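Listed below, chain by chain, are the residues.
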Amino acid sequence: MNNPVIIKGNKYGIVVVLDDLMKFDELKEKIAEKFRDSSKFFSKAQMAVSFEGRKLSNEEQREILDIIAEETELHVVCVIEDDPQKEAVFKKALDEKLMELSNATGQFYKGNLRSGQVLESETSIIVIGDVNPGARIVSKGNIIVLGSLKGTVFAGATGNTNSFVVSLDMNPVQIRIADTIARSPDKPIKEEKKETKIAFLEDGNIYIETLNKEVLNDINL
Amino acid sequence: MGEVIVVTSGKGGVGKTTSTANIGTGLAKLDKKVVLIDTDIGLRNLDVVMGLENRIVYNLVDVIEGNCRIKQALIKDKRYPNLYLLPSAQTRDKTSVTPEQMKKLADELREEFDYILMDCPAGIEQGFKNAIAGADRALVVSTPEVSAVRDADRIIGLLEASEIKQTHLIVNRLRSDMVKRGDMMSSDDVVEILAVDLIGVVPDDENIVISTNQGEPLVGSDTLAGQAYMNISRRIIGEEVPYLDLNGKQGLFSKLASLLKKN
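Residues numbered from 1 in each chain as written. Chains lettered and ligands numbered in written order. Predicted model: local features only at pLDDT ≥ 70, side-chain atom pairs only at ≥ 80, totals over all residues.

## Digging into the overall build of chain B
Reasoning step 1: Broken down by element type, chain B carries 12 helices and 8 strands.
Reasoning step 2: A globule of 263 residues ought to have a C-alpha radius of gyration of about 18 Å, and chain B, at 18 Å, matches this closely.
Reasoning step 3: C-alpha atoms of chain B, sized along the principal axes, occupy 60 × 40 × 35 Å.
Reasoning step 4: Residues counted as buried form 50% of the 263 residues belonging to chain B.
Reasoning step 5: Looking at chain B alone, contacts between residues at least 24 apart form 75% of all its contacts between residues at least 6 apart. (Helix = DSSP H or I, 4+ residues; strand = E, 2+ residues; numbered from the N terminus. Rg over C-alpha atoms; globule rule 2.2 N^0.38 Å. Buried ≥ 20, exposed ≤ 12 C-beta atoms within 10 Å, placed from the backbone. Contact = placed C-beta atoms within 7 Å.)

The following block contains the structure:
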């Protein structure tokens, strides 16, 4: 590589592409040179930096940041990592947090959902009205229907197995929670009386039970 | 190599979906491997009539758009293991699918099934064009009413123009008592107007309403409509079956017998 240090930039930050083979001490020289040359161009900008092309230890990263601070007036706000392993960890942590959030925060929808209508929600959803056969609710969190549920519902759409479905009159065609699907019985059961029921996932099965105190105690948001 | 049959009518409410469900089930009873395709995107019904609504995960549009494999979308019937349903999408419309895509799908299914039955939507627009795209033959359903016959005539014209080789007529919901009184067209009258071969006459039977509501096709049962549909299925596979005497159950004795049965 005839150019061991390349600086690429956009409005919000710069990417410093480093040679992989050169000795680190030599490389430092080159970096210093490069930033010295372009310090005028950067002046006092505030930017994010990421390093590419070479695996850097924390120590090495520190040293390079010092060089940048020394040679230019650039203010490095943060360093962005380009590490798939770490990225996966961050993504998992974020997803889990978002999942919890989607279970614990909610939106309201007033009106009946008729055949062919789909209601999708990033958070839990409370429907004030009926959900007719052929209608569909998809939520990343819980689904509460203050009315009769006769359509299809999908709670915990991003995989949250703690999600649940509550309805004043539970008669769905299909319930999905995370990756588990349950369908209505083929022979319709003569309903004794309308009761508020809850559907939840346990050991890979979806259970529907009357919503009473014991069941309520088991709910964790 | 399977045969693709489209069940169509032009007019709505004459019994396309009921006929598709019953004839398809009838063919399955005759040990044929059958798939029913609901092409009425946005107004799906066939799954309800078959009693399979609660099993739907993927649908026709998912298959066409490549969101799933055909195998994943096919629903196995709860009564006959050689009968399958490909349900339609409820949240989309007819323009989600093109005739070319339907033809390709039909040709893929042809490899594996003996009969592919397309339940066509009412009308002559995109949905109709989609349904007939891959078809080898057509069953035109009409009731003995001038409006239905008029629409059936239009449909037969369109089918001829699209080079479908075989078109047969099903006269549905015939009431022999009214025909006798001269208040309704007979099946012969309808055949005379439409000039296509008759493949079956299905009497108006309240059992149809019951079976449709329960999601259990009545083909093959000892109801008149059930026998009529079974005969149509037999004629489709090439058997010679004599026409039913639709007055059979109107006699005094059988009326008495059915009354006694009810009690």
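## Thoughts on the overall build of chain A
Reasoning step 1: Counting its regular elements, chain A contains 4 helices and 15 strands.
Reasoning step 2: Scaling as 2.2 N^0.38, a compact globule of 221 residues should have a C-alpha radius of gyration of about 17 Å, whereas chain A reaches 28 Å, well beyond that.
Reasoning step 3: Considered along the principal axes of its C-alpha atoms, chain A spans approximately 85 × 35 × 30 Å.
Reasoning step 4: Looking at chain A as a whole, 26% of its 221 residues qualify as buried.

## Things to note about the confidence of the model for chain B
Reasoning step 1: The predicted model of chain B averages 92 in pLDDT, with 94% of residues at 70 or higher.
Reasoning step 2: Across the predicted assembly, pTM comes out at 0.76 and ipTM at 0.76. (pLDDT = per-residue confidence, 0-100.)

## What to know about the sheet that holds strand β4 (residues 75–80) of chain A
Each strand in a sheet pairs with its neighbour through backbone hydrogen bonds, running either in the same direction (parallel) or in the opposite one (antiparallel).
All names here are of chain A.
Reasoning step 1: Spatially, the 4 strands line up as an open sheet ordered β1-β2-β3-β4, and their pairing is mixed. Edge positions in the sheet fall to β1 (5–9) and β4, since each of these pairs with one other strand and no more. For this sheet, the mean angle separating the axes of adjacent strands, direction not counted, is 30 degrees.
Reasoning step 2: Here 5 bridges tie strand β2 (residues 13–18) to strand β3 (residues 46–52), and the two strands are oriented parallel to one another. From the neighbouring strand, Val-16 faces β3, where its bridge partner is Phe-51.
Reasoning step 3: In the packing of helix α1 (residues 24–42) onto the sheet, the strands contacted are β1 and β2, and the crossing angle to β1 comes to about 40 degrees. (Pairing = 2+ DSSP bridges. Axes fitted to C-alpha atoms, helices over the stretch in contact; angles between N-to-C directions.)

## A closer look at the nonpolar core
Reasoning step 1: Counting 75 residues, the largest nonpolar core has Ile-5, Ile-116, Leu-117 and Met-118 of chain B as its most contacted members.
Reasoning step 2: Top contributing element to this core by residue count: helix α11 (residues 224–236) of chain B, with 7 residues.
Reasoning step 3: Every residue in contact with Ile-116 of chain B, bar those within four places of it in the chain, is listed here: Gly-2, Val-4, Ile-5, Val-35, Ile-37, Ala-106, Leu-109 and Arg-110 of chain B.
Reasoning step 4: With 24 residues, the next largest nonpolar core counts Leu-149, Ala-157, Ile-198 and Ala-199 of chain A among its residues. (Core = buried A, V, L, I, M, F, W, Y, C linked by C-beta atoms within 7 Å.)

## As for the packing of helix α7 (residues 146–161) of chain B against helix α9 (residues 187–194) of chain B
All names here are of chain B.
Reasoning step 1: Two numbers describe how α7 lies on α9: the axes approach to 10 Å, and their chain directions differ by 40 degrees. Here α9 runs oblique to α7, going by the angle between their axes. Considering how the two elements wind past one another, α7 and α9 form a crossing that is right-handed. In contact with Val-149, Ala-152, Asp-153 and Ile-156 of α7, α9 contributes Val-190, Ile-193 and Leu-194.
Reasoning step 2: Among the residues making up the contact of α7 with α9, the classes are represented as 6 nonpolar, no polar and 1 charged. (Parallel < 35°, antiparallel > 145°, perpendicular 65-115°, else oblique. Left-handed = near helix turned anticlockwise from the far one by under 90°. Nonpolar A, V, L, I, M, F, W, Y, C, P; charged D, E, K, R; others polar.)

## Considering the interface of chain B and chain A
Reasoning step 1: Taken together, the contact pairs 9 residues of chain B with 11 residues of chain A.
Reasoning step 2: Its residues assigned to classes, the side of chain B that touches chain A comprises 1 nonpolar, 5 polar and 3 charged.

## Brief notes about helix α5 (residues 99–110) of chain B
Residue and element names in this part refer to chain B.
Reasoning step 1: Under the 1.5 Å per step criterion, the end-to-end length of α5 is 16 Å for 12 residues, consistent within 8% with the ideal 16 Å.
Reasoning step 2: Buried within α5 are the following residues: Met-102, Leu-105, Ala-106 and Leu-109. Down the axis of α5, the buried side of the element spans an arc of 100 degrees, and every buried residue falls inside it.
Reasoning step 3: In this fold, the buried residues of α5 make contact with β1 (3–8), β2 (34–38), α3 (60–65), β5 (115–119) and α6 (126–132). (Expected span 1.5 Å × (residues − 1). Arc of directions from axis to C-beta.)

## Details of the sheet that holds strand β13 (residues 180–183) of chain A
All names here are of chain A.
Reasoning step 1: Pairing within the open sheet is mixed, and its 5 strands lie in the order β6-β8-β10-β12-β13. Both edges of this open sheet fall to β6 (118–121) and β13, since each of them pairs with a single strand only. The average angle at which neighbouring strand axes cross in this sheet is 10 degrees, direction not considered.
Reasoning step 2: Two elements, strand β12 (residues 174–177) and β13, share 4 bridges in a ladder whose sense is antiparallel. Each bridged residue has a counterpart across the sheet, and for Ile-177 the counterpart in β13 is Thr-180.

## Let's talk about the environment of Ile-156 of chain B
Reasoning step 1: Summarising the element assignment, Ile-156 of chain B is placed in helix α7.
Reasoning step 2: Residues contacting Ile-156 of chain B, with those up to four places away along its chain left out, are Val-140, Thr-167, Leu-194 and Val-196 of chain B.

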